Amino acid sequence: MSGKTYACWISEGVINMPVKSQVSNKSKLSKAKVSKAKVSKVKSNPSKSKSSNYVNPARPVSRSALDKELERIERDIDNLKSHVVSPPPDIKPLDYEPRTISSENLVPEFVKEEKKVVREFSLGDSGILGAYFVSSLLCVTVLAFLFGSVGSFIFFTAFGLFIWWLSHQSHQSKSGMLRSFILLGSMVLIVYFAYWYFNDLLSLLVCIIYSVSFVIAGLLYIYHQNRGLEKEIHSSFSRTFLVVLYAHVMSLAAASLLAYIISYLVVGDSFVSIMYLVVSWALLPLVLYFFLNKFFYLRFFDPVHIMKDVKKSVIQGILYSSVFICMIILAYLLTSIQLLFSETDGYSDAFTSIFTNVQEVNSEIDSAAVSIGDSDLAGLEVSNDIRGLADDLFTEAADLKLSLRDLSFSLGDYISDGYFTSLARNRFVLARVGLMSDEVVEVKDDLFREAQRLRMMQESNSFDDGTFSLEGHLTLLEQSVDSSYLSYSETAEFTRIRGKFANNDSFSGLLSDGELFEFGLVYHPSMYLFESGDSRFSRRFMEVLYHTVIFRDLMLFVFDNVALQVSEGIEPTAIQSIYPGALDEDESIRSKVVRHRIIRSNVDAVLALGNY
């Protein structure tokens, strides 16, 4: 048995045996050590130096004596082993054999795989820079295809190369924060000049991205420097800015391309709500944008832990996009509710104006008869017709107000945009009643004016058409009205367009040919706000908006409103209501003359304005 084995067993015995055994055995062990020490002393120093005065008698040591001493030591060791306390069965003795543990065993398996992937696809410093350059060029190409033109593509490609070179030079030369900040900040002026010159969406997007990246890079650089977390990526402001700009350009290009592609999938031949577009069209591009923005930024910190970066990026993409979508939905709901409240307030003001107009007609006719000294005015048949028109309009307005008084919408109405359909329809009905109330007031004023003029001409026996009697004047008025009265009828264009959206709820049947939209532009020039831009993405964006329920209802409201204004401009409803009375043979001659003069003044006004 070797000395090494002895030492191991001795250490085990000393550690595990009871206290009393340890004390007794320590003495035995010390004796064994003393004996062994004596043997060593005998070997190394068998006699004293000859120069010493003391003479130690010689003690020859034989081989057999040494063997006996070793046997005694082995017996002592066996005695010590008999007193060792055995460990419980579930505890294994410590293995004191030295082992070398490889560092590879401490690395998780997924890290090994990532390192393997990095080794296989490593491009080196020049290869990585080339990959960054090629990917940046592809992103600028995609953005130019969607938002810009050939000219803006060439300019921003050259500008991007210059920014790469400038940032790289600033990083290599270890330029200070202030110098890099000034150099890169001055580039904002060039970007803004490009936006002013090209005036396209690409220039606007680049201007926004560059400015936002510049601010974010400054905040990140200061944050990491103050916290002592600077790494190579944050060792210079120019490198930090380049990373942030690269991440934003890459994520924007990918998200915009995805939005452009899926726009053909989320809308078909029907009209959809804004909520549907936000969830089905905007959600995925936003997730992709925030995911790639975080991922490309993290890759510069640690190019090994790919799965770790992916997990962080996925969490940020889902979290940020969810917050952004919730903010859009909340803003839209608040806007819709605010629109409902403003419409309700508008209803109150509109009804107040309508009731005020129609209620004053009767009282003003009676008071005007006294003020102009014409006692017969209040009893004329034409005056009674105007009063009847005002009463009918008052009844219609009261019924409309009753139907709108308890107007309320559920959450489903806001989600489906059904609330806007009701608001547009109610707005048109209210606009028609309000327009008719204004016409009643105008006809009432015409009644006062023409009655007073007729009274003055009767007193002078001279009429404005050269006649000298009331009968002769009436004859010429009847001939003039019969020959020039304009009876409104819809044109072929109006009839065709109105037939298109009658019970039609498909995009292809209503808006696909753009005829209704062009009609709105002709008769309602302020509709230019809905014109699309020249880029592919803006045109596609407007096509998607054309598929919304709100845009459909808005176009129908515009058409109905334009048709109402055209018809009322040519043949107002108030004039239509008093014109049949001109054919009544039992009407007094004075009422006939006033009626015809009111009709003729309206016809002359229409001809003068060229409305027909």
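Residues numbered from 1 in each chain as written. Predicted model: local features only at pLDDT ≥ 70, side-chain atom pairs only at ≥ 80, totals over all residues. Heavy atoms only, no water.

Caption draft 1: Spatial organisation of unusual backbone geometry. Positive phi, close to 55°, is recorded for asparagine 199, a residue that is not glycine. Relative to the helices and strands, asparagine 199 is located in the loop between α7 (177-198) and α8 (201-226). A positive phi angle, close to 55°, is found at asparagine 461, a residue other than glycine. Along the chain, the position of asparagine 461 falls in the loop between α14 (418-460) and α15 (470-484). (Helix = DSSP H or I, 4+ residues; strand = E, 2+ residues; numbered from the N terminus.)

Caption draft 2: Up close: the packing of aromatic side chains. One pass over the structure, following the stated rule, counts 35 aromatic pairs. Relative to tyrosine 320, the ring of phenylalanine 290 has its centre 5.5 Å away and its plane inclined at 80°; by these criteria the two rings are edge-to-face. Of this pair, phenylalanine 290 sits in helix α10 (residues 274-299) while tyrosine 320 sits in helix α11 (residues 306-371); the two residues are 30 residues apart in sequence, bridging distant segments of the chain. By relative accessible area, which is 14% here, phenylalanine 290 ends up buried. On the accessibility criterion, tyrosine 320 (39% relative accessible area) is partly exposed. Here phenylalanine 351 and phenylalanine 355 contribute two aromatic rings whose centre-to-centre distance is 6.1 Å and whose plane-to-plane angle is 20°, an arrangement assigned as stacked. Taken as a pair, phenylalanine 351 and phenylalanine 355 lie in helix α11 at a separation of four residues, close to a single helical turn. Each member of the pair, phenylalanine 351 as well as phenylalanine 355, is classed as buried. (Phe/Tyr/Trp six-rings, centres within 6.5 Å; stacked < 30°, edge-to-face > 60°. Buried < 20%, exposed > 50% of the residue type's maximum accessible area, 1.4 Å probe, protein only.)

Caption draft 3: Here's a closer look at the environment of arginine 432. As for its placement among the helices and strands, arginine 432 is situated in helix α14. Judged by its relative accessible area of 25%, arginine 432 falls in the partly exposed class. For the pair arginine 432 and aspartate 560, spaced 128 residues apart in sequence, the C-alpha to C-alpha distance is 9.8 Å. Beyond its immediate chain neighbours, meaning those up to four positions away, arginine 432 contacts Glu396 and Leu564. (Contact = heavy atoms within 4.5 Å.)

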